[in-house]
Amino acid sequence: MEGPKTMITFLANLVIPLFIFTLVLYGTLKRKDIYTPFLEGVMDGFKIVLEIAPTLIALFFAIQIFRSSGALDLIVRFLTPMGKLLKIPKEVLPVIFAKLFSSSAATGFLLDIYKTSGPDSLAGFMSSVILSSTETCFYTLSVYYSVVGIEKIRYTLTGALLAVFVGTFISVFISYL
């Protein structure tokens, strides 16, 4: 078992250096300037980071305030009866709600579940499947739409929320199988 894993790791560590070497070799053989486009790409990347930084910072602080204020606990208390009806453990509800806004916050809740219940518990397994099957729709909409400059999202939010809810319910169903 260790042989294939070591080989895969070895190959994975070679991919990026080999790709860069191939690009440099191609540029040298074709006598093309590859450094200037590289620098332009880096500058474009920095521009995008500067454009989305305020949105990311605002989302980060909003999530922290939401969590620290106790509002998340209130929402979990409100959603608990529906969670019981759908057979969703109470510990999983914060994961589902946080995933709408932030993958890292949802992962933090997942790690809390791992510490208290264990990764092989129903709550740990279900949370893992949910995190793998859903998207951070509010984060994605705010970041990508702010970069592109779209102000009217039309049906995007409705479609994204529908996809998240369907992904969540199917994840719960699969977890019980």
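Structure shown above.
Predicted, not measured: the structure shown is a model, and the values here were computed from it.

1. Some thoughts on the nonpolar core
Core analysis: the largest hydrophobic core is formed by 24 residues, its most contacted members being Ile-88, Val-92, Val-95, Ile-96, Met-126 and Ile-130. Within the residue set of this core, elements represented by two or more residues are helix H3 (71-85), helix H4 (93-99), helix H5 (103-116), helix H6 (122-133) and helix H8 (156-176). Filtering out sequence-adjacent residues up to four positions away, Met-126 remains in contact with Lys-87, Ile-88, Pro-89, Val-92, Val-172, Ser-175 and Tyr-176.

2. What about H8?
The terminal C-alpha atoms of H8 lie 30 Å apart, and with 21 residues this matches the ideal 30 Å at 1.5 Å per residue to within 8%. Three or more residues of H8 are buried, namely Ala-160, Val-164, Gly-167, Thr-168, Ser-171, Val-172 and Ser-175. One side of H8 carries all its buried residues, which in axial view fall inside an arc of 135 degrees. For H8, the exposed residues set more than 90 degrees away from the buried face come down to Thr-158, Leu-162 and Phe-173. Of the surrounding elements, those touching the buried residues of H8 are H4, H6 and helix H7 (137-148).

3. Digging into unusual backbone geometry
At Arg-31, a position not held by glycine, the phi torsion is positive, near 55 degrees. By secondary structure assignment, the location of Arg-31 is in the loop between helix H1 (2-30) and helix H2 (35-69). According to the relative accessible area criterion, Arg-31 is exposed, its value standing at 78%. Its identity is not glycine, yet Arg-154 carries a phi of approximately 50 degrees, on the positive side. As for its position among the elements, Arg-154 is in the loop between H7 and H8.

The rules we used
- Residues numbered from 1 in each chain as written.
- Predicted model: local features only at pLDDT ≥ 70, side-chain atom pairs only at ≥ 80, totals over all residues.
- Heavy atoms only, no water.
- Core = buried A, V, L, I, M, F, W, Y, C linked by side-chain atoms within 4.5 Å.
- Buried < 20%, exposed > 50% of the residue type's maximum accessible area, 1.4 Å probe, protein only.
- Helix = DSSP H or I, 4+ residues; strand = E, 2+ residues; numbered from the N terminus.
- Contact = heavy atoms within 4.5 Å.
- Expected span 1.5 Å × (residues − 1).
- Arc of directions from axis to C-beta.

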